[in-house]
Amino acid sequence: IYRYFHTKRELIESLGGYLIQKAGLTPALPSPQSPEELIALVKGLFLTYEGADEMLRAAAMSELSYEMRQYTLPRRIAVIEEALRPIANSFNEAERIHLRNSVFILTTTAIVRAFKDYLNLSGEEAAETVAWAIRTLTSTSSRHDVGEHE
């Protein structure tokens, strides 16, 4: 391996690109600029992940995949923050962090597996449920209604 990759980081970067290509995902997708654009992106990713072969899904759960996720974590968080930017001023800093973290977890492939394993939902059904959750979490009207009950 080190004949082709001088460091573990080079291997992880290359493997990440390979897995993205094998899964049929486009690595250069434009970053979503709103919650609705994020929802559209997530729907496509969930459907693509659901259609991935078993070997690819198994690879996504490996230790190397875990390391790849850790490497890409800052970029993925930045994508979520950019998508939430249009509504960010409706929340204080602590709420923005909770919102970002919640939306981040909702947009992971682990959620697709959880919906399948626990509720027997398809990728499309999981995407619809996550879309509803993101819309509900980012809705300023529902936020104010909740605040009134506290």
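Located above this text is the structure these notes cover.
Definitions and limits used
Along each chain, residues carry numbers from 1 onward, in the same order as the chain's sequence is written. Only residues with pLDDT of at least 70 get local features here, since the model is predicted, and only at 80 or more are side-chain atom pairs given and counted; chain-wide, interface and lining totals rely on the full set of residues. Values shown for side chains rest on all heavy atoms present in the structure; no hydrogens or waters enter the calculation. Secondary structure elements are taken from DSSP: a helix is a run of H or I of four residues or more, a strand is a run of E of two residues or more, and numbering for both begins at the N terminus. Here's how the labels work: a residue is buried when its accessible area is under 20% of the maximum for its type, exposed when over 50%, partly exposed in between, all with a 1.4 Å probe on protein chains only. Contacts between residues were defined by any pair of non-hydrogen atoms, one from each residue, lying within 4.5 Å. Here the accessible surface of atoms and residues is derived via Shrake-Rupley with a 1.4 Å probe, and residues count as covered only by protein chains that are part of the display. Helix axes are fitted only over the stretch in contact, all axes being lines through C-alpha atoms; the angle between N-to-C directions runs from 0 to 180 degrees. What sets the label is the angle itself: under 35 degrees gives roughly parallel, over 145 gives roughly antiparallel, 65 to 115 gives roughly perpendicular, and the rest give oblique. Classification convention: Asp, Glu, Lys, Arg as charged; Ala, Val, Leu, Ile, Met, Phe, Trp, Tyr, Cys, Pro as nonpolar; all other residues, Gly among them, as polar. Crossing handedness is read from the near helix: turned anticlockwise from the far helix by less than a right angle, it gives a left-handed crossing, and turned clockwise, a right-handed one. The criterion is simple. A nonpolar core is a set of buried Ala, Val, Leu, Ile, Met, Phe, Trp, Tyr and Cys residues joined through side-chain atoms within 4.5 Å. Here a helix's expected span is defined as the number of its residues, less one, multiplied by 1.5 Å. This arc is taken over the directions from the axis of the helix to the C-beta atoms. Any pair of N or O atoms that falls within 3.5 Å is considered a polar contact. Within protein, one atom must be able to donate a hydrogen and the other to accept it, and sequence-neighbouring residues count only if both atoms are side-chain atoms.

**Quick notes on the overall build of the protein chain**
Part 1 of the reasoning: Helix and strand content of the protein chain: eight helices and zero strands.
Part 2 of the reasoning: Reading the helices (α) and strands (β) of the protein chain from amino to carboxyl end gives α-α-α-α-α-α-α-α.
Part 3 of the reasoning: Out of the 150 residues in the protein chain, the part that is buried amounts to 29%.
Part 4 of the reasoning: Counted over contacts in the protein chain with a minimum sequence separation of 6, partners at least 24 positions apart contribute 72%.
Part 5 of the reasoning: Surface summary for the protein chain: the accessible area is close to 9800 Å², and the carbon and sulfur share equals 58%.

**Here we look at the packing of helix 5 (residues 93–106) against helix 7 (residues 123–138)**
Part 1 of the reasoning: Where helix 5 contacts helix 7, the axes come no closer than 10 Å and their chain directions differ by 175 degrees. Classed by the angle they form, the pair helix 5 and helix 7 counts as roughly antiparallel. From helix 5, Leu 99, Ser 102, Val 103 and Leu 106 reach across to helix 7, where they touch Val 130, Ala 133, Ile 134, Leu 137 and Thr 138.
Part 2 of the reasoning: Of the residues contributing to the contact of helix 5 with helix 7, the split by class is seven nonpolar, two polar and no charged.

**Let's talk about unusual backbone geometry**
Part 1 of the reasoning: Phi is positive for Asn 120, close to 55 degrees, though the residue is something other than glycine.
Part 2 of the reasoning: Mapped onto the elements, Asn 120 comes out in the loop between helix 6 (109–119) and helix 7.

**Section: the packing of helix 2 (residues 35–51) against helix 7**
Part 1 of the reasoning: Viewed as axis vectors pointing N to C, helix 2 and helix 7 meet at an angle of 160 degrees, and their least axial separation amounts to 9 Å. Relative to helix 7, helix 2 is oriented roughly antiparallel. The handedness of the crossing between helix 2 and helix 7 is right-handed. Counted together, Pro 35, Glu 36, Leu 38, Ile 39, Val 42, Lys 43, Phe 46, Leu 47 and Glu 50 of helix 2 and Gly 123, Glu 124, Ala 126, Ala 127, Glu 128, Val 130, Ala 131, Ile 134, Arg 135 and Thr 138 of helix 7 form the full contact between these two elements.

**Here's the deal with the nonpolar core**
Part 1 of the reasoning: By size, the foremost hydrophobic cluster in this structure holds 24 residues, and its most contacted members are Leu 38, Phe 46 and Val 130.
Part 2 of the reasoning: Elements with a minimum of two residues in this core: helix 2, helix 4 (63–84), helix 5, helix 6 and helix 7.
Part 3 of the reasoning: Element by element, the count of residues in this core is highest for helix 7, at six residues.
Part 4 of the reasoning: Excluding anything up to four places from it in sequence, Val 130 contacts Val 42, Phe 46, Leu 106, Ile 111 and Phe 115.

**Let's talk about helix 7**
Part 1 of the reasoning: Taking 1.5 Å per residue as the helical rise, helix 7 with its 16 residues ought to reach 22 Å, and the 22 Å between its terminal C-alpha atoms agrees with that figure.
Part 2 of the reasoning: Residues of helix 7 that are buried include every one of Gly 123, Ala 126, Ala 127, Val 130, Ala 131, Ala 133, Ile 134 and Thr 138, and no others. Burial along helix 7 is one-sided: seen end-on, the buried residues are contained in an arc of 165 degrees. What points out from helix 7, more than 90 degrees from its buried face, is the exposed set Glu 124 and Trp 132.

**Some words on helix 5**
Part 1 of the reasoning: Its 14 residues give helix 5 an end-to-end C-alpha distance of 20 Å, which sits within 8% of 20 Å, the value for a rise of 1.5 Å per residue.
Part 2 of the reasoning: Regarding helix 5, the residues found buried are Leu 99, Arg 100, Val 103, Phe 104 and Leu 106. Viewed end-on, helix 5 has its buried residues packed into an arc of 160 degrees, placing them on one side of the element.
Part 3 of the reasoning: If you check the start of helix 5, you find a side-chain oxygen 3.0 Å away from the backbone N of Ala 94, and it comes from Asn 92.

**Some words on the side chain of Ser 34**
Part 1 of the reasoning: Summarising the element assignment, Ser 34 is placed in the loop between helix 1 (8–23) and helix 2.
Part 2 of the reasoning: Among the residues examined, Ser 34 registers a relative accessible area of 19% and is labelled buried.

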